[in-house]
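# Structural overview
Here are the chains, one letter per residue:
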Amino acid sequence: MNVTVIVTLKPTVLDPQGSTIHRNLEALGFFGVDGVRQGKHFEIQISDDLDRSERQALVERLAADVLTNPVIEEYRIVWE
Amino acid sequence: MKFGVVVFPGSNCDHDCYYAIESVIGKPVEFIWHQDTDLAGFDAIILPGGFSYGDYLRTGAIARFSPVMGSVREFALKGGLVIGICNGFQILMEAGLLPGALLPNIGMKYVCRFLHIRTETVTTAYTNALEKGQLVHIPIGHGEGNFFTDEETLKRIEDEDQVAFRYVNAEGEPTEAANPNGSLHNIAGIVNENGNVLGMMPHPDRSSEGILGSEDGKLIFDSMVHALTVV
């Protein structure tokens, strides 16, 4: 079973990577971009041996405790 | 009095810290492997700079799950002295032992140079050998040292005198130009509420004797020795 976890900076947190990309876009000839925020995308394979609630609990814990720093980031879980 | 320097896979300032304590400060020091959990006999723990576990995922994010960190947490909660330098600071934040987070530097540049920091509080175990407002000439070398926290926490650490050091210019002013990485309020180092855990991006280990360009960093280790002696 595949699941995707998307980690993004909280809207209140400055994103040096996103703003650097944004700043350089015009130099590359991309006009009309108002902003860029960069995040992380994890594709995770979960064992089929786990039942639905076990899978959900596992991914929730993984996303909250490891993949995200709650001081600056938030996450979204997308099941296939 | 015994210091311990934790060695993670990817630490690269562990020997600098060991050398500073053993040869410059002249106190007993031992390396602590990241898989060890026994901190008995240690009076102060140093988390050195480097790229622990390759800094994959986030700086310090994997290191904080290593076996030694459970013991470091207990040690810190019991009031033991724990100093995190550079990557060590990042690890302490990921472990929740210090408030806030360290973002990539503004402008995404790795910054490696000497600068000045100003001593903001002298009541901690890390700054008692310094005077309030004293400038410390010290190097930084990091790509992710941009101190960030929410406004409420920022106000709290300012109000509670938890800011240990601020980036300043040679005149001692915390200007925007003196801020090498975009840190909020030019913050270079903070202590926890009890004052026994310090995290800082600049390297006292790389500025503890004249031949390195500055011996100001030694004052931070001297403060620790003083604090441990008085206790």
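In case you missed it, the structure is sitting above this.
The structure presented is a predicted model; accordingly, all values stated were derived computationally and were not measured.

## Considerations on the pairing of strand β2 (residues 40–45) of chain A
In regular strands, side chains alternate between the two faces of the sheet. Residue and element names in this part refer to chain A. Burial of β2 is sparse: only zero of the six residues sit out of reach of the surface. Here strand β1 (residues 2–9) pairs with β2 via six bridges, running antiparallel. Its bridge partner lying in β2, V5 is registered against F42.

## Observations concerning the interface of chain B and chain A
Listed as interface residues are 15 residues of chain B and, on the opposing side, eight residues of chain A. Elements supplying a minimum of two residues to the side of chain B that touches chain A: β5 (101–103) and β8 (146–148) of chain B. Of the residues in the side of chain B that touches chain A, the class split is seven nonpolar, six polar and two charged.

## A closer look at the pairing of strand β1 (residues 3–7) of chain B
Residue and element names in this part refer to chain B. Across the five residues of β1, five count as buried, placing the element largely inside the fold. Neither face of β1 is open: one carries F3, V5 and V7, the other G4 and V6, and all of them are buried. Judged from the five bridges that link them, β1 and strand β2 (residues 29–33) form a sheet pairing that is parallel. Looking at β2, one finds that V6 is bridged to I32. With helix α1 (residues 14–25) bridging β1 and the parallel β2, this β-α-β connection has right-handed handedness. Pairing of β1 with strand β3 (residues 44–47), which is carried by three bridges, proceeds in the parallel orientation.

## Things to note about the nonpolar core
Residue and element names in this part refer to chain B. Of all hydrophobic cores here, the largest spans 72 residues; its most connected members are V5, V6, I45, I46 and L92. With six residues, helix α5 (residues 218–230) is the single largest residue contributor to this core. Setting aside residues no more than four positions away along its own chain, L92 makes contact with L47, G84, L97, L98, V197 and G199.

## Description of the sheet that holds strand β9 (residues 163–168) of chain B
Residue and element names in this part refer to chain B. One open sheet accounts for nine strands, arranged β2-β1-β3-β4-β11-β10-β9-β6-β7; its pairing is mixed. Where the open sheet ends on each side, the last strands, each with one partner, are β2 and β7 (135–142). Each strand axis lies, on average, 25° off the axis of its neighbour in the sheet, ignoring direction. Direction of pairing for strand β6 (residues 111–119) relative to β9: antiparallel, over a ladder of four bridges. Residue pairing for β9: R118 is matched across the bridge by R166. Contacting β3, β4 (81–85) and β11 (197–200), helix α3 (residues 87–94) runs over the sheet at an angle of about 120° to β4.

Conventions we followed
Residues numbered from 1 in each chain as written. Chains lettered and ligands numbered in written order. Predicted model: local features only at pLDDT ≥ 70, side-chain atom pairs only at ≥ 80, totals over all residues. Buried ≥ 20, exposed ≤ 12 C-beta atoms within 10 Å, placed from the backbone. Helix = DSSP H or I, 4+ residues; strand = E, 2+ residues; numbered from the N terminus. Pairing = 2+ DSSP bridges. Contact = placed C-beta atoms within 7 Å. Nonpolar A, V, L, I, M, F, W, Y, C, P; charged D, E, K, R; others polar. Right-handed = clockwise from strand over helix to strand, strands pointing away. Core = buried A, V, L, I, M, F, W, Y, C linked by C-beta atoms within 7 Å. Axes fitted to C-alpha atoms, helices over the stretch in contact; angles between N-to-C directions.

Nothing here speaks to function; it is geometry throughout.
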